[in-house]
Amino acid sequence: RLAARSDVLVVAAPETPETVGLVGASVLAALPAGAYLVNLARGALVDEEALRRALDAGHLAACVLDVFASEPLPPTHPFWAHPRVLVTPHVSGVTAQFWERETALIVDNIRRYRAARRLKNVVNPEAGY
C-alpha cells in the first residue's frame, strides 16, 4: 500500500533475512508510473533484475543506486550505461563532518573499552545489524 502512494521510494534498512528481496517486482509494479527508487541500504534488498525490467519498460522514471547485490558493481553490468540509473560510489553516508564525528566516536569507544564501560554503536548479531 505504501509503494502505491510513493513517488520516491528510499530504501534505508539493514540486510536481514526478513529484508532480503524486500523490493521485488510486486513492489516496483505498485509504485506509480514515473516514480523513483533510491537504494542506499544494501544491494540484497532490491531485486536488481526486476528493477532493470521496470526501468526498461519506462514504469520508473529513474533510480539512484549506492549499493548492489554484487560489489563492486562489475564493469560490464548494464546499470553503468543505463540512461535511467545513477550509480553512486557507496559513500552516501559521508558528509562534510563525517570523519570528524567518526574519529570522535572511535576515540570515545577506545576510552570506554579501556575503562570497561559499555561501547557505543555495538552491532547486535541476533538482529543482523
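Preceding this paragraph is the structure being described.
All figures in this text were calculated on a predicted structure; none of them were measured in a lab. (Residues numbered from 1 in each chain as written. Predicted model: local features only at pLDDT ≥ 70, side-chain atom pairs only at ≥ 80, totals over all residues. Heavy atoms only, no water.)

Participant: Please explain the sheet that holds strand β1 (residues 8-11) as it appears in this structure.
Facilitator: Neighbouring strands of a sheet are bound in pairs by backbone hydrogen bonds; such pairs are parallel or else antiparallel. Spatially, the four strands line up as an open sheet ordered β1-β2-β3-β4, and their pairing is parallel. With partners counted over all chains shown, the strands left at the sheet margins are β1 and β4 (85-87), one partner each. Strand-to-strand twist of the sheet, defined as the mean angle between neighbouring strand axes without regard to direction, takes the value 10 degrees. Across three bridges, the pairing between strand β3 (residues 60-65) and β4 is parallel. Bridge pairing in β4 links Val64 to Leu86. Strands in contact with helix α2 (residues 48-56) are β2 (35-39), β3 and β4; relative to β3, the strand with the most contacts, it is inclined by about 140 degrees. (Pairing = 2+ DSSP bridges. Helix = DSSP H or I, 4+ residues; strand = E, 2+ residues; numbered from the N terminus. Axes fitted to C-alpha atoms, helices over the stretch in contact; angles between N-to-C directions. Contact = heavy atoms within 4.5 Å.)

Participant: Looking at this structure, I do not really get a nonpolar patch on the surface. What am I missing?
Facilitator: Taken together, the side chains of Val8, Val10, Tyr36 and Leu40 define a hydrophobic patch exposed on the protein surface, amounting to about 340 Å² of accessible area. Judged by relative accessible area, Leu40 falls into the partly exposed class, the value being 36%. (Patch = residues over 30% accessible without salt bridge, like charges linked within 9 Å, V, L, I, M, F, W, Y side chains within 5 Å. Areas by Shrake-Rupley, 256 points an atom, 1.4 Å probe, with all protein chains shown as cover. Salt bridge = Lys/Arg side-chain N within 4 Å of Asp/Glu carboxyl O. Buried < 20%, exposed > 50% of the residue type's maximum accessible area, 1.4 Å probe, protein only.)

Participant: Explanation requested: the pairing of β2 in the structure shown.
Facilitator: Along any regular strand the residues' side chains alternate between the sheet's two faces. Of all five residues that make up β2, four are buried, and the element is covered over most of its length. Bridge count for β1 against β2 is four bridges, and the pairing is parallel. In the strand pairing of β2, Val8 is matched with Tyr36. With helix α1 (residues 25-30) bridging β1 and its parallel neighbour β2, the resulting β-α-β unit is right-handed. Sheet topology places β2 next to β3; five bridges connect them, and they run parallel. Following the sheet pairing, Val38 is matched in β3 by Val64. (Right-handed = clockwise from strand over helix to strand, strands pointing away.)

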